[in-house]
Amino acid sequence: MTRAAMKIGPVILFGPPGAGKGTQAKRIADKFGIPQISTGDLLRENVEKGTELGQNARQIMQRGELVPDRMVCDMVAERLKDGDCERGFILDGFPRTVTQAVWLDNYLVENTVFDNANGTGAAFVLRFVVEYNALLQRLTGRRTCPTCGRIYNVHTQPPRVAEVCDLDGSRLVTRKDDQEEVIAERLKAYEAQTLPLVEYYHKRNRLLEINGDQPVDVVTAEALRAIEHGNSL
Ligand code: AMP
């Protein structure tokens, strides 16, 4: 069976800000033909459009804190109803608290029709482990294309022409929350609220770790293999 025809089920990409979740999610999504669901991207879209959710989330995001669980879970529930999630989906940046993880497990039990190899339709978690200084370098050097969403890094993965997207020529942007003071807050939120999820998923035997300090292509290859095999854990 080709990758694009496989039933993948829900896959969670887990790791601190800057671990490479967004970059890897796009590559994995392309290979398997399933959507990337980034709660950060969805929230930023809401902020840009000025929706009620966006207005409530904007300042919280600017401070580098987590948006309340209820708001994020409702937003994810809405997105998961779309037909493109039927064969599976990649969650990038969600869940970020134990409350969100419990909500997701319940949601999948109640709503899912996934018949992946573990038979439960439960989400499978890939954790990217990255050294702290590398994280800081990735976050401060990150640039994003506002048109196609491609992610660059001025230190490690620069575009061919400085500050311009290789794919569509758009001027690259720096995320507001990639400034140093906000980065520190985001990493604190990760340690305090998100890291406990490692134990949550480890206990349930659904966690696989990848060394995220390796070159991007090596990480992708390991992630693809893990999803193909891990799916039958
Ligand atoms: P990200 O693009 O994943 O780094 O997310 C950017 C910001 O959006 C975070 O710093 C949070 O303020 C908010 N956010 C994204 N995902 C979540 C989530 N699952 N729970 C709470 N807040 C989130």
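Residues numbered from 1 in each chain as written. Predicted model: local features only at pLDDT ≥ 70, side-chain atom pairs only at ≥ 80, totals over all residues. Heavy atoms only, no water.

Novice: Summarise the pairing of strand E3 (residues 88–92); cite the residues concerned and give the values.
Specialist: Summarising burial for E3: 5 of the 5 residues are buried, a large majority. Side chains of E3 alternate between two faces, with Gly88, Ile90 and Asp92 and Phe89 and Leu91 buried alike. Taken together, the 5 bridges between strand E1 (residues 9–14) and E3 define a ladder with parallel strand orientation. Looking across to E3, one finds that Val11 is bridged to Ile90. Note: strand E2 (residues 36–38) against E3, 3 bridges, orientation parallel. Residue pairing in the sheet places Ile37 in a bridge with Leu91 of E3. (Buried < 20%, exposed > 50% of the residue type's maximum accessible area, 1.4 Å probe, protein only. Helix = DSSP H or I, 4+ residues; strand = E, 2+ residues; numbered from the N terminus. Pairing = 2+ DSSP bridges.)

Novice: Please give an account of the nonpolar core that cites residues and values.
Specialist: Ranked by size, the top nonpolar core spans 33 residues in total, and within it Ile12, Phe94, Trp103, Leu104 and Tyr201 carry the most contacts. When residues in this core are grouped by element, the largest group, 6 residues, is from helix H4 (residues 69–80). With 26 residues, the next largest nonpolar core counts Phe128, Val130, Ala134 and Val219 among its residues. (Core = buried A, V, L, I, M, F, W, Y, C linked by side-chain atoms within 4.5 Å.)

Novice: Can you tell me about helix H5 (residues 98–111), naming the residues and giving the values?
Specialist: Three- or four-residue spacings in an α-helix give side chains the same orientation, since the helix completes a turn every 3.6 residues. For H5, with 14 residues, the first-to-last C-alpha span of 20 Å sits near the 20 Å given by 1.5 Å per residue. Buried residues of H5: Gln100, Ala101, Trp103, Leu104, Asp105, Tyr107 and Leu108, and no others. Contacts from the buried residues of H5 go to E1, H4, E3 and helix H8 (196–203). (Expected span 1.5 Å × (residues − 1). Contact = heavy atoms within 4.5 Å.)

Novice: A description of the pairing of E1 should follow, citing residues and the corresponding values.
Specialist: Of all 6 residues in E1, 6 are buried; the element is thus mostly enclosed. Bridge count for E1 against strand E4 (residues 124–129) is 4 bridges, and the pairing is parallel. When the sheet's bridge partners are listed, Val11 is paired in E4 with Phe124.

Novice: Summarise the site of the ligand; cite the residues concerned and give the values.
Specialist: Taken together, 16 residues lie near the ligand, and Thr39, Arg44, Glu65, Gly93 and Gln100 sit nearest. Coverage of the ligand by the protein chains reaches 96% of its 490 Å² of free accessible surface. With 4 residues, the top contributor of residues to the shell around the ligand is helix H2 (residues 39–49). Here the shell around the ligand is composed, by residue class, of 6 nonpolar, 4 polar and 6 charged. (Near = heavy atom within 4 Å. Areas by Shrake-Rupley, 256 points an atom, 1.4 Å probe, with all protein chains shown as cover. Nonpolar A, V, L, I, M, F, W, Y, C, P; charged D, E, K, R; others polar.)

Novice: So what about H2? Which residues, and what values?
Specialist: Taken residue by residue, H2 has Thr39, Gly40, Leu42, Leu43 and Asn46 as its buried positions. Here the buried residues of H2 occupy an arc of 165 degrees about the axis, which is enough to place them on one side. Of the exposed residues in H2, the ones pointing more than 90 degrees away from its buried face are Glu48 and Lys49. Tucked into the core, H2 has its buried residues touching E2, helix H3 (52–63), H4 and E3. Positive phi shows up at Gly50, right after H2, with a value of about 70 degrees. (Arc of directions from axis to C-beta.)

Novice: Tell me about the sheet that holds strand E7 (residues 207–211), and please be specific about residues and values.
Specialist: Sheet strands associate in pairs through backbone hydrogen bonding, adopting either a parallel or an antiparallel arrangement. Spatially, the 5 strands line up as an open sheet ordered E2-E3-E1-E4-E7, and their pairing is parallel. The outermost strands of the open sheet, each flanked by one partner alone, are E2 and E7. On average, each strand axis in the sheet is inclined to that of its neighbour by 25 degrees, with strand direction left out of account. (Axes fitted to C-alpha atoms, helices over the stretch in contact; angles between N-to-C directions.)

Novice: Which residues make up the pattern of salt bridges, and what values do they have?
Specialist: Applying the stated criterion across every chain yields a total of 16 salt bridges. Its salt-bridge partner being Asp177, residue Arg186 comes within 3.7 Å of it at the nearest N-O pair. For Arg186, a relative accessible area of 9% gives the class buried. By relative accessible area, Asp177 is classed as buried at 11%. Via salt bridges that share partners, Arg142, Arg175, Asp177, Asp178 and Arg186 belong to a single interconnected network. (Salt bridge = Lys/Arg side-chain N within 4 Å of Asp/Glu carboxyl O.)

Novice: Run through unusual backbone geometry, naming residues and quoting values.
Specialist: For the peptide bond that leads from Phe94 to Pro95, omega is -5 degrees, which places it in the cis range. One non-glycine residue, Glu163, adopts positive backbone phi at about 65 degrees. Looking at the element boundaries, Glu163 is found in the loop between strand E6 (151–153) and helix H7 (180–194). On the basis of relative accessibility, which here comes to 26%, the residue Glu163 falls in the partly exposed class.

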